[in-house]
Amino acid sequence: MIRKALVAALLAAGTIGAAQAQNLRIGLREDPDILDPTLSRTYVGRIVYAALCDKLFDINEKLEIVPQLATGYRWEDPKTLTITLRDGVRFHDGEVMDAEAVRYSLNRHLTMQGSFRRSEISGIEAVEVVDPRTVRIRLKNPSGSLLAALTDRAGMILSPKAAEAAGRNFGTRPVCAGPFRFVERVAQERIVVERFPEYWDAGRIHIQRVTYLPIPDNTVRLANLQSGAIEFGERMEPDDVKTVRGNRNLRVVAVEELGYQGITININNGPRAETPMGRDARVRAAFELAIDRDALNQVVYEGMYTPTRQPVPPANPYHIRDFRPEPRDVNRARALLREAGVTTPLTVEMTVPNNPDLRQVGEVIQAMVREAGFDLKLRAMEFASSLQAAARGDFETFLVGWSGRTDPDGNIYTFTRTGGGQNDGRYSNPEVDKLLDAARSETDFEKRRDLYAQAIRLALGQDRARIYLWHRKNIMVHSARLSGYRPVPDGLIRIQDMRLQ
Amino acid sequence: MWIWLLRRMGQILPTLLILSILIFGLQQLMPGDPALILAGEERGDPQVLAQIRAELFLDRPLWQQYLHWLGNVLQGDFGFSWRIRMPVSELILEKLPVTFQLATMAFIIALLIGVPAGILSAVWRDRPVDWVTNAVALFGISTPNFWLGIMMILLFSVQLGWLPPSGYVPLTEDPVQSLATTIMPAFVLGNGIAGVLMRHTRAAMLTALSQDYVRTARAKGLPERVVVTKHALRNALIPVVTLGTIEFGRLLAGAVLTEQIFTIPGFGKLIVDAVFNRDYPVVQGVVLATALIFVTLSLVADLLYMTINPRLRAA
């Protein structure tokens, strides 16, 4: 009702007079947590870091690793990585970014109390300064995912002087080497950064000031775009797209994300795993075969998302092209249930985070699997509580998503390996474990991809450990006055080359 | 009078103490492990979880956590927000003026609409003026805040482009922009309260107007205007003041829905976000601050009664 009114209003909508040309205002979906690359956890914080803190490496549209503060890297042997650094880079406090600063930052990520980067780069044994422009990283074991980790917060280099002076309060006034420097933050209200004239790549920065405004309500974020009160809105809703396409002052860009949405199944986590779903892969296969992913996507997400059967999205070179979702087959699902000897209707409970679109997803799945002989009970739960319930094993199936990582390891390992921290269903297959461990330390792309493909076929095709449903899209809406936005699957907003008319 | 005031203030301390124990206890009933939430997507790492629990004293027994917190609060230290590492006292001081401004504006709007409308409909009881004001009041009470808020954004921001759709500018930074950002949320809030105030003013006025002293005043030949404003209204105001202070206190506790819709960074938004993020120190600090505001306001209400009705002063 509200949304319909909004659409109607939009058709006649004009814009508030042009804002200051140099100030880019970005509406964020959430309020970021602390702005300290070592301590922060939220995805939305990374969007702000894209302006504040450059990293050793970055990723491009094709998810290839490209140099940023580094100029290149070389594997001396599988456990020794040498990184050469860019010359003439300065931090926002005027200090020089050199090998010592890299060593300091990596060590801070590794050792600071409360660091959230430690697990990402725990394979690092030592960081050595070779000369001011070169660092050598020694690893405990060969690692295929280290470089990818250095394209994110673990690769952000901080000014050692500022970090030492501020200690744990660094996040209230971060000093990095990104294109913009920190101006102010008012919690839940705004984060302001301004152009850093001495940025090493200053020629590509045309915006003077960026103001990040957390506006969690989707309708209100859209109203801000429509009225011209912000120039950029991130992670908009699929059903906003039609509205935006009808507005000549706005542009919409949809980029495939790095993560996924799926169903975790309790296979071996406590007494609630003692169900036909938990014990028998045939029952899980029947459940999966009863779901029509395309229809689900059409009904709830206007067909905007990409149906999938695996954790790695098509945008990623590790995506397995020929492992596609099977078409819905209710007869085969029924046959599988008969074969498994279960009496129908079989009652299954699904925990669903309490938000409108996922509740709708739950209802659509409920209707679909009913035809195959499942009586699906939905248990809507507030998100924080659902995570705790899942970790405790208090669930049968759990509809849950993952924001995704550049490296496939980040989308697979901890969810699938025996004892993995996010393997809430406690799935375990020693063969899969062996493959995942091998892939983790393999540095050759082709070999690594084959290892992941084998592991995924075993865990999903044969064991049906999880049901993957779709890859979301990052739907970005921006003012027609803004040009130069370069969509990358990580959903970050890189201000390089962006201009406001 | 002074002894009474001291006694009343003495009651505040135990109230707050009991309340603080309640907040602590209720938090434990809240499902969802704060360490899991704080760990975010790193929640799979038991080391990370253990580290968070140790750092935040979550691995200690509840009574130890409570005494630790209470000890700090007594020294004026409300702790840090777990999520953004800002001191809670700083957050409260930052958000309080925002909520105070919004509450004051909403309250003024409510008073300007509610009290005169109540008087009018009492004086012209069962006449068209009464019907119209009643209908308006009913609309005010029964319109959900979020709906009215979105409709106002659509009309005044998207369609007409007169007002910014959301956000907040402090009064000290730019008074005009500040009013522009708060007038819509203040109206949404004030509109709901105006209806309640109108109904209560009307009822109290009707009672007052049927009293003997009003008849006497009229019999003395006083003009109707004087009878209504000096004799009836003054007595009718006592229940209205009670209601007004309660409503104002509720406004200061933060208008959760309205602040969310207009993205006004006040108390309501602070506490809701803190609850969802399981940011306990913020929840504790804000609830305690709100409670303090409430008991102070009820004290103010009592003082106001005495000003309006001198007979109460003796008590």
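What you see is a predicted model, and the numbers here were worked out from it, not measured in a lab. (Residues numbered from 1 in each chain as written. Chains lettered and ligands numbered in written order. Predicted model: local features only at pLDDT ≥ 70, side-chain atom pairs only at ≥ 80, totals over all residues.)

Residues and elements named next belong to chain A. Within the open sheet, the 4 strands sit side by side as E4-E5-E7-E6. Their pairing is antiparallel. Edge positions in the open sheet fall to strand E4 (70–77) and strand E6 (124–131), since each of these has one partner strand only. Strand-to-strand twist in this sheet, taken as the mean axis angle between neighbours without regard to direction, amounts to 20°. Pairing between E6 and strand E7 (residues 134–139): 6 bridges, direction antiparallel. Bridging from a neighbouring strand, Glu128 pairs with Arg136 of E7. Each of strand E5 (80–85), E6 and E7 is contacted by helix H3 (residues 99–111), which is oriented at about 170° to E6, the strand it contacts most. (Pairing = 2+ DSSP bridges. Helix = DSSP H or I, 4+ residues; strand = E, 2+ residues; numbered from the N terminus. Axes fitted to C-alpha atoms, helices over the stretch in contact; angles between N-to-C directions. Contact = placed C-beta atoms within 7 Å.)

Take the nonpolar core next. Core analysis: the largest hydrophobic core is formed by 209 residues, its most contacted members being Ile157(A), Ala286(A), Ala290(A) and Ala106(B). Among the elements that take part in this core, helix H5 (residues 88–123) of chain B stands out by supplying 14 residues, more than any other. Ignoring any residue separated from it by four or fewer positions in sequence, one finds Ala106(B) in contact with Ala186(B), Leu189(B), Gly190(B), Ile193(B) and Leu251(B). (Core = buried A, V, L, I, M, F, W, Y, C linked by C-beta atoms within 7 Å. Buried ≥ 20, exposed ≤ 12 C-beta atoms within 10 Å, placed from the backbone.)

Let us now look at the packing of helix H6 (residues 128–142) of chain B against helix H8 (residues 175–209) of chain B. Packed helix pairs are characterised by how far apart their axes lie and by the angle those axes make with each other. Residue and element names in this part refer to chain B. Following both chains from N to C, one finds H6 and H8 inclined at 135°, their axes separated by 7 Å at the closest point. Relative to H8, H6 is oriented oblique. For the pair H6 and H8, the crossing hand works out as left-handed. Of the residues in H8, those touching H6 at Thr133, Ala137, Leu138, Gly140 and Ile141 are Asn191, Gly192, Ala194, Gly195, Val196, Met198 and Arg199. Looking at the contact of H6 with H8, its residues break down into 6 nonpolar, 5 polar and 1 charged. (Parallel < 35°, antiparallel > 145°, perpendicular 65-115°, else oblique. Left-handed = near helix turned anticlockwise from the far one by under 90°. Nonpolar A, V, L, I, M, F, W, Y, C, P; charged D, E, K, R; others polar.)

Interface extent is often summarised as the accessible area lost during association of the parts. At the interface, 43 residues of chain B touch 45 residues of chain A. Considering each element in turn, the side of chain B that touches chain A owes the most residues, 6 residues, to helix H7 (residues 145–159) of chain B. Among the residues making up the side of chain B that touches chain A, the classes are represented as 20 nonpolar, 11 polar and 12 charged.

Regions with low pLDDT should not have their predicted coordinates read in detail. Across chain A, the average pLDDT comes to 91, with 96% of residues at or above 70. Below pLDDT 50 for its whole length, residues 1–20 of chain A participates in 35 contacts with residues either more than four positions away or in separate chains. (pLDDT = per-residue confidence, 0-100.)

This next bit is on H7(B). At 3.6 residues per turn, the α-helix brings residues three or four places apart onto the same side. Residues and elements named next belong to chain B. Look at H7: 20 Å from first C-alpha to last across 15 residues, which is about the 21 Å you get at 1.5 Å a residue. Among the residues of H7, Leu148, Gly149, Ile150, Met152, Ile153, Leu154, Ser157 and Val158 are the ones counted as buried. Immediately downstream of H7, the backbone of Gly161 shows phi near 70°, a positive value. (Expected span 1.5 Å × (residues − 1).)

Further remarks concern the sheet that holds strand E18 (residues 466–471) of chain A. All names here are of chain A. Spatial ordering of the open sheet is given by E14-E18-E13-E17-E15-E16, a layout of 6 strands whose pairing is mixed. Of all the strands in the sheet, just strand E14 (306–307) and strand E16 (374–381) have a single pairing partner and so form its edges. As paired elements, strand E15 (residues 346–353) and strand E17 (residues 397–402) share 2 bridges and run parallel to each other. If you follow Met350 over to E17, its bridge partner there is Thr397. Where helix H12 (residues 356–370) meets the sheet, its contacts fall on E15, E16 and E17, and the angle it forms with E16 comes to roughly 170°. In the packing of helix H13 (residues 383–392) onto the sheet, the strands contacted are strand E13 (260–265), E15, E16 and E17, and the crossing angle to E15 comes to about 130°.

A separate point is unusual backbone geometry. All names here are of chain A. Cis rather than trans, the peptide bond between Thr344 and Pro345 has omega equal to -5°. Position of Pro345 relative to the elements: it lies in the loop between helix H11 (330–339) and E15. Of note, Arg426 is a non-glycine position whose phi angle comes to about 55°, a positive value. In this fold, Arg426 is placed in the loop between helix H14 (409–416) and helix H15 (430–441).

This brings us to the pairing of E18(A). Residue and element names in this part refer to chain A. With 6 of 6 residues buried, E18 is to be regarded as a mostly interior element. Of the pairings in the sheet, the one linking E13 to E18 comprises 4 bridges and is antiparallel in character. Pairing of Thr264 across the sheet is with Arg466, part of E18. Relative to E18, E14 runs antiparallel, the two being bridged by 2 bridges. Following the sheet pairing, Thr306 is matched in E18 by His471.

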